Amino acid sequence: NSRTVFLLSQLEKINLDSVVGASDNARYVTSKILHLVQSQEKTRKEMTSKGSTGIEVILSTLEVKSFNFCSYGLIAVLHFIIMNCGGRRASVIVTKGGTQILLQLLLTASKDSSPNEELMVLLHTLLAKIGPKDKKIGVKARINGALNISLNLVKQNLHNLRLVLPCLQVLRVYSTNSVNAVSLGKNGVVELLFKIIGPFSKKNTSLMKVALDTLAALLKSKTNARRAVDKGYVQVLLTIYVDWHGHDSRHRYMLIRKGVLQCIKSITNIKLGRKAFIDANGMKILYNTSQDCLAVRTLDPLVNTSSLIMRKCFPKNRLPLPTIKSAFHFQLPVIPASGPVAQLYNLPPDVDDVVDESDDNDDAETESEIETENDDDKDQHFKNDDIETDINKLKPRQELGRSIEELKMYEQFFPELSENFQEWDLVSKEPKPFVPDANLSGPIVVPTASEE
């Protein structure tokens, strides 16, 4: 019988009616709900309590196209609930189909000649909050055609921090899908992000952190990683990392430095990236910066990530190593005057003599990335055909070392295995066959020749 329940019931009735004055009434009810949610904690608890239909009514109202005039107020209600309830209701919005509704509203709002900036901020903030709860948000955004809306907003409002930040957060969620990462990369998102990240600056550090996380997710795609190598961005990332390392003397921006390392780690997953890293003197840069970080325990994540990158990019050599790279010299007994072994021994010390064939099938993998449309379904419907489920096949089969005819010669030593022992049944007063205890049964032990 509370005021909130009454307003929600009124809003639900408006959804079902098509009266001429319904628009004004819906605007009034929406404004009242927004005012109560913002001013009273009791109303927020009523909206988010277990068994409440408040969120469901709001989503159903947003789904009605004729009431787009009150969409801003209802989206503001959802935004206020999500931001002040710690995201606990995000999963409820996902289960009620809220992701699809918000993406459709985003698509509708983007068609206006001058989209409402406040509405775009609220929609992107909501999508960024509920995105991690919805595993299929990347597929839904691609199907609805909302994939490039956030990217275009960033391109058009590059200096508008208030709008760019939530858009990048949504792009970070979209980039977890490999097909979306390739599509966004073709539209220039990698080049765009390198316009946002830059040298050390205390301004807009939150935007820098989100941009680096988004870039690291995009560079996991081999297509985007090759594009970044071709543009010379490996040297740019190393320069940015050295700059932040040199200026961050109090280690307040460790997450930004780690974000740069994550981008380098993603690029070095391909052979071209590892070669570009070596050519840019990345091994020496990461080694020297890691030495500076060893004394501070809070910087262990930087040292660990740098170690992984260096181990991955360090040239691989076959044993024996006749070069200065090895502390020991393993000399072969006989070295032919010509041939592949002699060629390896004659190589210079800085040459990688292990052929790296990890990226030979990049083109095929890129095509498979683009053609795969249901990547998220694979995890849910995963079935390993290699796992045997037949119990009879899993039982170990005991095979005798000798044939039955050869084993009969030992029958006299083990009469209990062949004799038909009987015991007297006191009830029926008749002999009954002896049944040995199952715990006493075991494999036949055949003595060896020495034991005989």
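Residues numbered from 1 in each chain as written. Predicted model: local features only at pLDDT ≥ 70, side-chain atom pairs only at ≥ 80, totals over all residues. Heavy atoms only, no water.

The protein is annotated in an unreviewed UniProt entry as CBPC1 carboxypeptidase of Falcunculus frontatus.

**Focus: the overall build of the protein**
To keep things clear, this is the line we draw: The way it works is that DSSP assigns letters per residue, a run of H or I at least four long becomes a helix, a run of E at least two long becomes a strand, and they are numbered from the N terminus. Accessibility here uses a 1.4 Å probe with only protein chains present; expressed as a share of the type maximum, an area under 20% marks a residue as buried, one over 50% as exposed, and anything in between as partly exposed. Only the protein chains shown count as covering a residue, and every accessible area follows the Shrake-Rupley method with a 1.4 Å probe.
A tally of helices and strands in the protein yields 25 helices and two strands. Per-residue burial for the protein yields a buried fraction of 40% across its 452 residues. Accessible surface computed for the protein: about 27300 Å², of which carbon and sulfur atoms make up 53%.

**A word on the nonpolar core**
Rules: What we call a nonpolar core is a set of buried Ala, Val, Leu, Ile, Met, Phe, Trp, Tyr and Cys residues that are connected through their side-chain atoms within 4.5 Å. In what follows, residue pairs with any heavy atoms lying within 4.5 Å of each other are defined as contacts.
Leu62, Leu168, Tyr174, Ile197 and Phe277 are the most contacted members of the largest nonpolar core, which totals 108 residues. With nine residues, helix H8 (residues 117–130) is the largest single contributor of residues to this core. With sequence-adjacent residues up to four places away left out, Ile197 is seen in contact with Met208, Ala211, Leu212, Leu215, Leu237 and Ile240.

**Quick notes on the packing of helix H12 (residues 178–186) against helix H15 (residues 222–230)**
Put simply, the rule reads: Angles here are taken between N-to-C directions and fall from 0 to 180 degrees, while the axes themselves are lines fitted to C-alpha atoms, restricted in helices to the stretch in contact. Roughly parallel means an angle under 35 degrees; roughly antiparallel, over 145; roughly perpendicular, 65 to 115; everything else is oblique. Polarity classes work like this: nonpolar for Ala, Val, Leu, Ile, Met, Phe, Trp, Tyr, Cys and Pro, charged for Asp, Glu, Lys and Arg, and polar for all others, with Gly in that last group.
The N-to-C vectors of H12 and H15 enclose an angle of 30°; their axes lie 8 Å apart at closest approach. Judged on the interaxial angle alone, H15 and H12 are roughly parallel. Counted together, Ala181, Val182, Gly185 and Lys186 of H12 and Thr223, Asn224 and Arg227 of H15 form the full contact between these two elements. For the contact of H12 with H15, the class distribution of residues is two nonpolar, three polar and two charged.

**A few points about the confidence of the model for the protein**
Defined as follows: Note on scores: pLDDT gives the predictor's confidence for each residue, bounded by 0 and 100.
In the predicted model, the protein carries a mean pLDDT of 78, and 71% of its residues have values of at least 70. Contacts for the low-pLDDT stretch residues 438–442, under 50 throughout, to residues beyond four places or in other chains number zero contacts.

**A short note on helix H5 (residues 71–84)**
Put simply, the test is: How far a helix is expected to stretch is found by multiplying one less than its residue total by 1.5 Å.
Relative to the 20 Å expected for 14 residues at 1.5 Å per residue, H5 spans 20 Å between its end C-alpha atoms, a close match to the ideal helical length. Most of H5 is tucked away: 10 of the 14 residues are buried. Burial in H5 covers these residues: Ser71, Gly73, Leu74, Ile75, Ala76, Val77, Leu78, His79, Ile81 and Ile82.

**A look at helix H16 (residues 233–247)**
Put simply, the test is: What the arc measures is the spread of directions leading from the helix axis to the C-beta atoms.
Across its 15 residues, H16 extends 21 Å between first and last C-alpha, which sits within 8% of the 21 Å expected from 1.5 Å per residue. Taken together, the buried positions of H16 are Tyr233, Val234, Leu237, Leu238, Ile240, Tyr241, Trp244 and His245. For H16, the angular spread of the buried residues around the axis is 160°, confining them to a single face.

**Overview of the environment of Val170**
Tracing the backbone shows Val170 in helix H11 (residues 161–174). Apart from residues lying up to four places away in sequence, Val170 is in contact with His124, Leu127, Ala128 and Ser150.

**Considerations on the pattern of salt bridges**
Spelled out, the test is: For this analysis, a salt bridge means a side-chain nitrogen from Lys or Arg found within 4 Å of a carboxyl oxygen belonging to Asp or Glu.
All chains considered together, the criterion is met by nine salt bridges. Close ionic contact of Lys96 with Glu56 constitutes a salt bridge, the shortest N to O distance being 3.6 Å. With Lys96 in the loop between helix H6 (90–95) and helix H7 (98–110) and Glu56 in helix H4 (residues 54–63), the pair connects residues that are 40 residues apart, well separated along the chain. Between Asp248 and Arg257 there is a salt bridge, with its nearest N and O atoms 3.1 Å apart. Residue classification places Asp248 among the buried positions, given a relative accessible area of 3%. The buried category is assigned to Arg257, whose relative accessible area is 1%. When salt bridges with common partners are traced through the structure, they connect Glu117, Glu118 and Arg162 into a single cluster.

**A closer look at the side chain of Arg142**
To keep things clear, this is the line we draw: Between N or O atoms, a polar contact is any pair within 3.5 Å; within protein, one atom must be a potential hydrogen donor and the other a potential acceptor, and residues adjacent in sequence are included only when both atoms are from side chains.
Tracing the backbone shows Arg142 in helix H9 (residues 137–144). You can call Arg142 buried: its relative accessible area is 19%. Side-chain polar atoms of Arg142 contact the side chain of Asn177, separated by 3.4 Å.

**As for the packing of aromatic side chains**
In this description, an aromatic ring pair is defined by two values, namely the gap between the centres and the angle between the planes. Let me state the cut-off plainly: When the centres of two rings from Phe, Tyr and Trp lie within 6.5 Å, Trp using its six-membered ring, the rings pair. Their planes under 30 degrees apart give stacked, over 60 give edge-to-face, and anything left gives tilted.
Evaluation of the coordinates by the stated rule reveals four aromatic pairs. Taken together, a centroid distance of 3.8 Å and an interplanar angle of 15° make the contact between Phe194 and Tyr233 stacked. Of this pair, Phe194 sits in helix H13 (residues 189–196) while Tyr233 is found in helix H16, placing the two residues 39 residues apart along the sequence. Each member of the pair, Phe194 together with Tyr233, is buried.

**So, the packing of helix H14 (residues 205–218) against helix H17 (residues 254–267)**
Each pair of packed helices gets described by two things: the angle between the helix axes and the distance between those axes. Heads up, the condition is: In this scheme the handedness of a crossing depends on how the near helix is turned from the far one: anticlockwise by less than a right angle means left-handed, clockwise means right-handed.
Between H14 and H17, whose axes approach to 8 Å, the crossing angle comes to 20°. Compared by their axis directions, H14 and H17 come out roughly parallel. For the crossing formed where H14 meets H17, the hand is left-handed. Residues Thr205, Met208, Lys209, Leu212, Leu215 and Ala216 of H14 lie in contact with H17, whose contacting residues are Leu255, Ile256, Gly259, Val260, Gln262, Cys263 and Ser266. For the contact of H14 with H17, a count of residues per class yields eight nonpolar, four polar and one charged.

**Points about the side chain of Ser266**
Inspection of the secondary structure puts Ser266 in helix H17. Residue classification places Ser266 among the buried positions, given a relative accessible area of 6%. Ser266 has contacts with Ala216, Leu219 and Lys220, leaving out every residue within four places of it along the chain.

**Comments concerning unusual backbone geometry**
A positive phi angle, close to 60°, is found at His251, a residue other than glycine. Judged by its relative accessible area of 29%, His251 falls in the partly exposed class.

**Quick notes on the environment of Lys220**
Its location among the elements puts Lys220 in the loop between H14 and H15. For the pair Lys220 and Asn269, spaced 49 residues apart in sequence, the C-alpha separation works out to 7.8 Å.

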